[in-house]
Amino acid sequence: MIDRPLRWYHRLYVGIQYLLPHHLLSALMLRATRVRWRPVKDLLIGTVVRYYGVDMTEAREPDPRAYASFNAFFTRPLRQDARPIAMQEDAVACPADGTLSQLGTIDGGRVFQAKGYDCSLPELLGGRQDWAQRFDGGVFATIYLSPRDYHRVHMPVDATLGEMIHVPGRLFSVNPVTTALVPRLFGRNERVPCLFETGCGPMALILVGAIFVGSMETVWAGQVTPTGIRRPGPAHEGETVIRLDKGAEMGRFNMGSTVILLFGPGRITWDPGLKPGARLRMGQRIGRIREYAPE
């Protein structure tokens, strides 16, 4: 959500992104963030900690210099007590730290992005019409993770994985300015929709890539991107049942990006105090299940 008028320099900033080699730049960033030479990695980590005001007291390892690489710092685990999980049976827990970009109802198979822009469910889900139909009329929430945030994604409710899909695409920035100016942004960017069955119907956690965020992981598949695959297709196959409890880690971004949370119709009510622009913490209650039935 952007709460100020868009200026010419915002449009220039977004226009330049159309010309950039997104995947090449992200590949270079991936290499840079894994450098283990102490002078380089300490400089990168220290700069981010100071510039973004990262609260290292929440981290399991509070010393920034103790991390082997910048990426190890960026995906750092938190202390066990740093993010209490809303454990009431009917509570929906926030999947990630970040800023609430948008939330609301999925109308006519469209997910609202920003004023004047939305994205179709089938496009967002990599062409899966069967899943898209199950979410139509449901609710969504979009959470933007900035560089200062905790970058692991956790389960809002108990769930069993139905399918994981890798959808190749561009890697536009997902900050508020770009979201307000790039049509179908979340349908253009590379993403990993993770589709679950829960006690409150279908749920999706969609990990959306962005510029310098060409690497996403899940706990059951490991690193999903980058990959040589350049067409939508299932990235999870096999007979192993993947079941995750509320609050369990399900994946992570190597650098920051966006999570889109979807639920089917008639089962979830977002907390009335939630508004675009609100700061969220992983584990806090963001909604209630209308009729709870253990999955």
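In short, a report on the structure. Just so you know, these numbers come straight off a predicted model, no measurement behind them.

## Re the overall build of the protein
- Helix and strand counts for the protein come out as eight helices and 18 strands.
- Buried positions account for 54% of the 295 residues belonging to the protein.
- Restricting to contacts in the protein with at least 6 residues of sequence separation, those with at least 24 account for 78%.
- Carbon and sulfur atoms form 55% of the exposed surface of the protein, whose accessible area is close to 13300 Å².
- The averaged location of the 28 negative side-chain charges in the protein is 8 Å from the averaged location of its 36 positive side-chain charges.

## A few points about the pattern of salt bridges
- For the structure on display, the rule yields 17 salt bridges.
- Notably, a salt bridge pairs Asp42 with Lys41, separated by 2.9 Å at the nearest N-O pair.
- Across the salt bridge formed by Arg65 and Asp63, the nearest N and O atoms sit 3.4 Å from each other.
- The exposure class of Asp63 is partly exposed, given its relative accessible area of 29%.

## Quick word on the packing of aromatic side chains
- For the coordinates displayed, the defined rule picks out nine aromatic pairs.
- Measuring from centroid to centroid gives 4.9 Å for Tyr18 and Phe172, while their planes differ by 65°, and the two rings are edge-to-face. On the criterion of sequence distance, the pair formed by Tyr18 in helix H1 (residues 8-19) and Phe172 in the loop between strand E7 (159-166) and helix H7 (176-181) is long-range, its members being 154 residues apart.
- When its relative accessible area of 34% is taken as the criterion, Tyr18 is described as partly exposed.
- On the basis of relative accessibility, which here comes to 1%, the residue Phe172 falls in the buried class.
- Seen from their ring centres, Tyr51 and Tyr52 are 4.9 Å apart, and the 80° between their planes marks the pair as edge-to-face.
- Accessibility expressed as a relative area gives 33% for Tyr52, which makes it partly exposed.
- An aromatic cluster of three or more residues is present, and its members are Tyr67, Phe70, Phe73 and Phe74.
- Above the plane of the ring of Phe73 lies Arg76, whose end atom (NZ or CZ) is 4.6 Å from the centre.
- Here the basic side chain of Arg170 rests over the ring of Phe172, its NZ or CZ set 5.1 Å away from the ring centre.

## Points about unusual backbone geometry
- Its identity is not glycine, yet Arg184 carries a phi of approximately 55°, on the positive side.
- Mapping Arg184 onto the fold places it in the loop between H7 and helix H8 (185-188).

## Some remarks on the pairing of strand E14 (residues 249-253)
- The element E14 is largely enclosed, with a buried count of five among its five residues.
- Of the strand pairs in this sheet, strand E6 (residues 152-154) and E14 are connected by three bridges, and their pairing is antiparallel. The residue of E14 that forms the bridge with Arg152 is Arg252.
- Looking at chain direction, strand E10 (residues 216-218) and E14 are connected through three bridges and run antiparallel.

## Overview of the side chain of Glu58
- Mapped onto the elements of the fold, Glu58 is located in the loop between helix H3 (38-52) and helix H4 (70-74).
- A relative accessible area of 14% places Glu58 in the buried class.
- One polar contact links Glu58 to Arg281, side chain to side chain, over a distance of 3.2 Å.
- With residues near it in sequence (within four places) discarded, Glu58 still touches Leu78, Arg79, Ala82, Arg83 and Arg281.

## A look at H1
- Over its twelve residues, H1 extends 17 Å from the first C-alpha to the last, a length consistent with the 16 Å expected when each residue adds 1.5 Å.
- Three or more residues of H1 are buried, namely His10, Val14 and Gln17. One side of H1 carries all its buried residues, which in axial view fall inside an arc of 45°. Within H1, the exposed residues directed more than 90 degrees away from the buried face are Trp8 and Leu19.
- Looking at the buried side of H1, the elements it contacts are helix H2 (22-32) and H7.

## Notes on the sheet that holds strand E16 (residues 268-270)
- Across the sheet, three strands lie side by side as E1-E18-E16; this open sheet has antiparallel pairing. Each end of this open sheet is capped by a strand with a single partner; those strands are strand E1 (91-93) and E16. On average, adjacent strands in this sheet sit at an angle of 35° to one another, irrespective of strand direction.
- Bridging between E16 and strand E18 (residues 285-289) involves three bridges; their strand directions are antiparallel.

Parameters at a glance
- Residues numbered from 1 in each chain as written.
- Predicted model: local features only at pLDDT ≥ 70, side-chain atom pairs only at ≥ 80, totals over all residues.
- Heavy atoms only, no water.
- Helix = DSSP H or I, 4+ residues; strand = E, 2+ residues; numbered from the N terminus.
- Buried < 20%, exposed > 50% of the residue type's maximum accessible area, 1.4 Å probe, protein only.
- Contact = heavy atoms within 4.5 Å.
- Areas by Shrake-Rupley, 256 points an atom, 1.4 Å probe, with all protein chains shown as cover.
- Lys, Arg positive; Asp, Glu negative; His and termini not counted.
- Charge placed at Lys NZ, Arg CZ, Asp CG, Glu CD.
- Salt bridge = Lys/Arg side-chain N within 4 Å of Asp/Glu carboxyl O.
- Phe/Tyr/Trp six-rings, centres within 6.5 Å; stacked < 30°, edge-to-face > 60°.
- Lys NZ or Arg CZ within 6 Å of the ring centre and 35° of its normal.
- Pairing = 2+ DSSP bridges.
- Polar contact = N/O pair within 3.5 Å; in protein donor to acceptor, adjacent residues only side chain to side chain.
- Expected span 1.5 Å × (residues − 1).
- Arc of directions from axis to C-beta.
- Axes fitted to C-alpha atoms, helices over the stretch in contact; angles between N-to-C directions.

So far we have only geometry, and geometry alone does not tell us how the molecule works.
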